[in-house]
Amino acid sequence: EVLKKYTMVIVLVLVVIMFTANTKGVMLLPQNVNNLVAQNAYVFILATGMLFCILTGGNIDLSVGSVVCFVAAVGGKMMVLNNMNPYLTMLVMLITGIAIGAWQGFWIAYVRIPPFIVTLAGMLAFRGLSNVVLHGQTLAPMPDSYLALFNNYIPDFVGKEGFNVTCFAVGIIVCIVYVLLVMKNRADRAKKGYSVEAFGGAAVKMVLICAVVLAFMFRLAQYKGIPNSLVWVAVIIAIYTYIASKTTTGRYFYAVGGNEKATKLSGINTNKVYFLAYLNMGLLAAIAGMVTMARLNSANPQAGTNFEMDAIGSCFIGGASAYGGTGTVPGVIIGALLMGVLNLGMSIMGIDQNIQKVVKGLVLLAAVIFDVVSKRKSFIVK
């Protein structure tokens, strides 16, 4: 059971060790650890939204890469060509993303057109519209005040040369908060008479997670500290982890994926759940568009290509079920990290781009096969 629950965590650790050995430690240099965050911020954001689509029954959104591009095109046009206020532009970008989410959600939820078809149409349409808006050209550079929101680093309040003390302090605070939350959760469950896992197991898990967080923050502190993109990602992960695990709305997504008919009979508006999943995906695609545009410092017609594949891959690798109803935000983050580590490690080793795609494809297939086979076994056991 433990192995099954933490398979991907173990795989992630093994992959990191393998690449660290093969790159003679280059993989874990502070700058590369920082790149891992900066290059994969969009994957974390999109995968979190994609999880909610997948939960409703294995549905996916193929249009997110094109939506990222389209939202960035709109933002780029406003800021670069029309010199508009970056904050106003960001608001318009968010509204654009939400509007696209609502448009696709309407057809999927209320007209019941298969998500695959609606989002495939969106994938083609918004890629085309991006080119129309940009006239096939790249718009650059973005205003400094906009870039500062995503590309800068949180300043060190202690000001020690070569080591960002604030960054490491944040890591320690995160660990303390995490341990307190776990302890509180255990106490609550015990009080209600639910089963709690043995304290030894929980303690080992807490020690390991805190060790990883502190090692990660220590490496970032040796470079420039906490990148702003990490803050955006952390806030989104925290909000959606809470929604998925602690709110009634979050429960509805799991219920619809588990058994839609039963969910409908128990009085839950399943159409609304589908609509919310795609509305939310539009919102997160807009945020990913902002992060991507800041990282590239441009709005270009090719931005966001294959982003949907990275997001979908991260979800399935991170333990989301291809049939819906199963999956967690932390699991998806592990999946996204695994994709990111594979990308970074293979790039450092100078492995051919085409071989990289082969490896990512095989990893994705292996993860889904594992999910399907283990499900089949558990059905037989029952």
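Scroll up for the structure.
All chains use their own residue numbering, which begins from 1 and follows the written sequence. pLDDT decides what is reported in this predicted model: residues at 70 or higher carry local features, side-chain atom pairs at 80 or more are listed and counted, and totals for whole chains, interfaces and linings draw on all residues regardless. Heavy atoms from the whole structure form the basis of all side-chain values; hydrogens and water molecules are not counted.

1. Section: the side chain of serine 314
A run of DSSP states H or I qualifies as a helix once it reaches four residues; a run of E qualifies as a strand once it reaches two. Both are numbered from the N-terminal end. Looking at the element boundaries, serine 314 is found in helix α14 (residues 307-317). Ignoring anything within four residues of it in the chain, the contact list for serine 314 reads Val43, Ala47, Val332, Gly335, Ala336 and Met339. Residue contacts are counted whenever heavy atoms from the two residues lie within 4.5 Å of one another.

2. Things to note about the layout of surface pockets
Size it by volume and the second largest pocket reaches roughly 770 Å³. Both site types are read off a 1 Å grid over the protein atoms alone. A 1.4 Å probe that fits but cannot get out defines a cavity, while an open set with protein on both sides within 12 Å along at least five of seven lines defines a pocket; lining residues have an atom within 4 Å of a point. Tyr42, Asn306, Asp310, Asn343 and Lys360 are, among the 27 residues lining the second largest pocket, the residues nearest its centre. Elements with a minimum of two residues in the lining of the second largest pocket: α3 (30-55), α13 (270-296), α14, α15 (329-348) and α16 (353-381). With six residues, the top contributor of residues to the lining of the second largest pocket is α16. In this count, Pro and Cys sit with the nonpolar residues alongside Ala, Val, Leu, Ile, Met, Phe, Trp and Tyr, while Asp, Glu, Lys and Arg are called charged and the others, Gly among them, polar. Among the residues forming the lining of the second largest pocket, the class breakdown is eleven nonpolar, twelve polar and four charged. Grid points are joined across faces, edges and corners, and a volume is the space filled by probe spheres set on the points.

3. Section: a positive patch on the surface
Side chains of Arg189, Lys191, Lys192, Lys246 and Arg251 sit close together on the surface and give a patch of like positive charge. Top contributing element to the positive patch by residue count: helix α8 (residues 165-192), with three residues. Whether a residue is buried, partly exposed or exposed follows from its accessible area with a 1.4 Å probe, protein chains only, as a fraction of its type maximum: under 20%, in between, or over 50%, in that order. Given a relative accessible area of 36%, arginine 189 falls into the partly exposed group. Surface patches are defined over residues having more than 30% relative accessible area and no salt bridge, joining like charges when they lie within 9 Å and nonpolar side chains (Val, Leu, Ile, Met, Phe, Trp, Tyr) when within 5 Å. Method for areas: the Shrake-Rupley scheme with a 1.4 Å probe, in which residue coverage is limited to the protein chains shown. In the sections that follow, a salt bridge refers to a side-chain nitrogen of Lys or Arg positioned within 4 Å of a carboxyl oxygen of Asp or Glu. Counting rule applied: Lys, Arg positive; Asp, Glu negative; His and chain ends not counted. By convention, the point assigned to a charge is CZ for Arg, NZ for Lys, CD for Glu and CG for Asp.

4. Brief notes about the packing of aromatic side chains
Only rings of Phe, Tyr and Trp enter the pairing, Trp through its six-membered ring, and a pair is recorded when the two centres are within 6.5 Å. The plane angle decides the type: under 30 degrees is stacked, over 60 is edge-to-face, the rest tilted. Tallying each qualifying case throughout the model produces 14 aromatic pairs. Centroid distance phenylalanine 168 to phenylalanine 218: 5.9 Å. Interplanar angle 75 degrees. Geometry classified as edge-to-face. Separated by 50 residues along the polypeptide, phenylalanine 168 in helix α8 and phenylalanine 218 in helix α9 (residues 199-222) bring together distant segments of the chain. Under the relative-accessibility criterion, phenylalanine 168 is labelled partly exposed at 24%. These aromatic residues form a ring-pair network of at least three members: Trp103, Phe106, Trp107, Tyr110 and Phe275.

5. Considerations on the packing of helix α5 (residues 86-109) against α13
How two helices pack is summed up by the angle between their axes together with the distance between the axes. The convention used is that axes are lines fitted to C-alpha atoms, helices contributing only their stretch in contact, and that angles between N-to-C directions extend from 0 to 180 degrees. The interhelical angle for the contact between α5 and α13, taken along N-to-C directions, is 150 degrees, at an axis separation of 7 Å. One finds that α5 runs roughly antiparallel with respect to α13. Crossing handedness for the pair α5 and α13: right-handed. Mapping the contact onto sequence places Met90, Met93, Leu94, Gly97, Ile98, Gly101, Ala102, Gly105, Phe106, Ile108 and Ala109 in α5 and Asn271, Tyr274, Phe275, Tyr278, Leu279, Gly282, Leu283, Ala286, Ile287, Gly289, Met290 and Met293 in α13. Among the residues making up the contact of α5 with α13, the classes are represented as 17 nonpolar, six polar and no charged. Angular relationships are summarised with four words: roughly parallel below 35 degrees, roughly antiparallel beyond 145, roughly perpendicular across 65 to 115, and oblique for the angles in between. Working rule for handedness: look at the near helix, and if it is turned counterclockwise from the far one by less than a right angle, call the crossing left-handed; if clockwise, right-handed.

6. Describing empty space enclosed by the protein
Over the atoms rolls a probe the size of a water molecule, and its path tells where empty space is left. Tallying each qualifying case throughout the model produces one cavity of 30 Å³ or more. One number sums up the size of the largest cavity: a volume of about 40 Å³. As for the largest cavity, its lining consists of Asp61, Ser63, Val64, Val67, Gly101, Gln104, Tyr278, Met281, Gly282 and Ala285. Those elements that place two or more of their residues in the lining of the largest cavity are α4 (64-81), α5 and α13. Counting residues per element, the lining of the largest cavity draws most heavily on α13, which supplies four residues.

7. Some details on the side chain of asparagine 300
In this structure, asparagine 300 sits in the loop between α13 and α14. On the basis of relative accessibility, which here comes to 18%, the residue asparagine 300 falls in the buried class. In the analysis that follows, any N or O atom pair within 3.5 Å is treated as a polar contact, provided that within protein one partner can donate a hydrogen and the other can accept it, and provided that, for residues neighboring in sequence, both atoms belong to side chains. Only 2.8 Å separates the side chain of asparagine 300 from the backbone nitrogen of glutamine 302, close enough to count as a polar contact. Here alanine 303 takes part through its backbone nitrogen, which lies 2.8 Å from a polar atom of the side chain of asparagine 300. Not counting residues up to four positions away in its chain, the partners in contact with asparagine 300 are Cys69, Leu134 and Thr138.

8. Concerning the packing of α3 against α15
Interaxial distance between α3 and α15 falls to 9 Å at its minimum, and their mutual angle equals 140 degrees. In terms of axis orientation, α3 runs oblique to α15. Remark: the crossing between α3 and α15 carries right-handed chirality. On α15, the residues that touch Asn32, Leu36, Gln39, Asn40, Val43, Phe44, Ala47, Thr48 and Leu51 of α3 are Val329, Val332, Ile333, Ala336, Leu337, Gly340, Val341, Asn343, Leu344 and Ile348.

9. Things to note about unusual backbone geometry
Excluding glycine, most residues fall at negative phi; most peptide bonds, likewise, are trans. Following alanine 140, the chain continues to proline 141 via a peptide bond in cis, the omega torsion being -10 degrees. Mapped onto the elements of the fold, proline 141 is located in the loop between α6 (115-134) and α7 (144-151). Non-glycine residue asparagine 297 carries a positive phi angle of around 55 degrees. Secondary-structure assignment places asparagine 297 in the loop between α13 and α14. Look at asparagine 297 and you get partly exposed, because its relative accessible area is 26%. Positive phi, close to 65 degrees, is recorded for asparagine 306, a residue that is not glycine. Tracing the backbone shows asparagine 306 in the loop between α13 and α14.

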